[in-house]
Amino acid sequence: MDEANTEPSEPWPLAAQLDPAGSASDEGEGSEAQVVEELVEENREPVFVDGRLICVNLGYAEIPDFVLQDYAASAVVLDLSHNSLRSLEKLEGFTVAEELLLDDNLIDDDAIFPHLPHAHTVTLNKNRITALPDLLTKLAAGFERLEYLSLLGNEVCPIEGDDDDHRRYRIYVVSKLPQLRFLDFSPVSESEREEAIRLGGFLEPVRFREDPDEANELSTSPQSYTPLPDGVSTSEKDRRSENASY
């Protein structure tokens with residue numbers, strides 16, 4: 001839908017430093033975010049900088065106890081992208097977390113999402129989620145302030161280029177999470193909100209990614225989706241109050 005790109009005026013947090021394909025732009029080269037992630041890679045241990053905990057590509061099948069003990073009380077942004085996480089139960093200890101970056105893990109329909117009252121951003125790109133209604137029920141219960149959500153690279157996300165399925169998918173998600181401002185890096189438009197109220201319950205997506213070549217490409221392409229870069233945190237931007245109308 002053309003109007004999906006007109007409201008709200010604020011960009012998705014990634015937009016300033018990512019191109020539409022989700023790759024770092026030239027402006028991001030040599031950025032602090034890249035330096036930090038290279039430090040994580042080199043030392044094979046978490047890095048904590050200005051409230052942001054970076055645990056990228058550390059081979060975690062679950063969140064280690066020492067990470068919980070050392071950082072849970074102070075991590076505002078938690079980046080666990082490019083690991084092998086299945087269980088998310090230990091995330092409940094991160095009581096002040098506002099942004100959860102969980103891209104490229106093994107999170108599936110059995111995952112239990114914790115209740116994190118301050119979380120407004122969740123990225124679950126490139127996981128193994130196939131049941132959209134169940135996922136949205138869990139997200140609604142666990143993240144009442146959720147405004148930024150991305151599910152690209154999961155089976156719940158319609159095949160790119162299928163306009164009808166994409167429209168049905170967006171309206172259905174917004175009907176279940178009406179506070180969303182951005183879905184999959186695109187702003188939620190006023191017309192989508194109105195249609196979600198009117199038709200959302202009847203527009204559950206019925207078609208998922210079935211192309212094995214596409215699924216294989218997603219699973220083997222490194223860093224198809226990049227977590228929020230340092231310095232572009234949604235918590236640093238002016239945000240509407242809880243009572244604002246959209």
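Refer to the preceding data block for the structure.
Residues numbered from 1 in each chain as written. Predicted model: local features only at pLDDT ≥ 70, side-chain atom pairs only at ≥ 80, totals over all residues. Heavy atoms only, no water.

K.L.:
Quick question: what am I supposed to make of the packing of helix H4 (residues 163-176) against helix H5 (residues 190-199) here?
P.N.:
Two numbers describe a pair of packed helices, the interaxial angle and the distance between the axes. Look at H4 against H5: their axes get within 8 Å of each other, and the N-to-C directions meet at 75°. If you check the angle between H4 and H5, you find them roughly perpendicular. Residues Arg167, Arg170, Ile171, Val174 and Ser175 of H4 form the contact with H5, whose own contacting residues are Glu192, Arg193, Glu195 and Ala196. Of the residues in the contact of H4 with H5, the class split is 3 nonpolar, 1 polar and 5 charged. (Axes fitted to C-alpha atoms, helices over the stretch in contact; angles between N-to-C directions. Helix = DSSP H or I, 4+ residues; strand = E, 2+ residues; numbered from the N terminus. Parallel < 35°, antiparallel > 145°, perpendicular 65-115°, else oblique. Contact = heavy atoms within 4.5 Å. Nonpolar A, V, L, I, M, F, W, Y, C, P; charged D, E, K, R; others polar.)

K.L.:
Any chance you could explain empty space enclosed by the protein here in plain terms?
P.N.:
One water molecule sets the probe size; rolling that probe over the atoms shows where empty space is left. On inspection of all chains with the given rule, the structure shows 1 cavity of 30 Å³ or more. One number sums up the size of the largest cavity: a volume of about 50 Å³. For the largest cavity, the full set of lining residues is Asp108, Asp109, Phe113, Ile129, Ala131, Asp134, Leu135 and Lys138. Here the lining of the largest cavity is built from residues that sort into 4 nonpolar, no polar and 4 charged. (1 Å grid on protein atoms, 1.4 Å probe; cavity = no way out; pocket = protein on both sides within 12 Å on 5 of 7 lines; lining within 4 Å. Points joined across faces, edges and corners; volume = space filled by probe spheres on them.)

K.L.:
Sorry if this is basic, but what is going on with the packing of helix H3 (residues 132-142) against H4 here?
P.N.:
One can describe the packing of H3 onto H4 by two numbers: an axis separation of 10 Å at closest approach and a directional angle of 35°. Of the two elements, H3 crosses H4, and the hand of that crossing is right-handed. Only Tyr169, Tyr172, Val173 and Lys176 of H4 make contact with H3, whose side of the interface consists of Leu132, Pro133, Leu136 and Ala140. Looking at the contact of H3 with H4 residue by residue, the class counts come to 7 nonpolar, no polar and 1 charged. (Left-handed = near helix turned anticlockwise from the far one by under 90°.)

K.L.:
What exactly am I supposed to notice about the pattern of salt bridges here?
P.N.:
Any two side chains of opposite charge can pair, so long as their charged atoms come close to each other. Across all of its chains, the model carries 7 salt bridges by this definition. One salt bridge connects Asp79 with Arg52, and the closest N-O pair in it is separated by 3.5 Å. Remark: Arg52 occurs in strand S2 (residues 52-54) and Asp79 occurs in strand S3 (residues 77-79); sequence separation between them is 27 residues. For the pair Asp79 and Arg52, one class covers both residues: buried. Among the ionic contacts, a cluster of salt bridges with common partners joins Glu62, Asp65 and Lys90. (Salt bridge = Lys/Arg side-chain N within 4 Å of Asp/Glu carboxyl O. Buried < 20%, exposed > 50% of the residue type's maximum accessible area, 1.4 Å probe, protein only.)

K.L.:
Help me understand H5, please; the structure alone is not making it clear to me.
P.N.:
Note on helix geometry: an α-helix contains 3.6 residues per turn, so any two residues three or four positions apart are oriented the same way. For H5, the complete set of buried residues consists of Ser191, Glu192, Arg193, Glu195 and Ala196. Each element contacted by the buried residues of H5 is listed here: H4 and strand S8 (186-187).

K.L.:
Honestly, the sheet that holds strand S5 (residues 121-123) in this entry has me stumped. Any pointers?
P.N.:
For sheets, the rule is that strands pair by backbone hydrogen bonds, running either parallel or antiparallel. Strand order in the open sheet made by the 8 strands is S1-S2-S3-S4-S5-S6-S7-S8, with mixed pairing throughout. Two strands lie at the open edges of the sheet, namely strand S1 (47-49) and S8, each paired on one side alone. Pairing of S3 with strand S4 (residues 99-101), which is carried by 3 bridges, proceeds in the parallel orientation. Its bridge partner lying in S4, Leu78 is registered against Leu100. (Pairing = 2+ DSSP bridges.)

K.L.:
Mind showing me how you'd approach H4 here?
P.N.:
With 14 residues, H4 ought to run about 20 Å at 1.5 Å a step, and its terminal C-alpha atoms sit 20 Å apart, in line with that. Within the sequence span of H4, burial applies to Asp165, Arg168, Tyr169, Arg170, Ile171, Tyr172, Val173 and Val174. (Expected span 1.5 Å × (residues − 1).)

K.L.:
Is there a simple way to explain unusual backbone geometry in this structure?
P.N.:
What you tend to see is this: most non-glycine residues have negative phi, and most peptide bonds are trans. For Lys126, which is not a glycine, the phi torsion comes out positive at approximately 55°. Structurally, the position occupied by Lys126 is in the loop between S5 and H3. Given a relative accessible area of 7%, Lys126 falls into the buried group. For Asp184, which is not glycine, the phi dihedral falls at a positive 55°.

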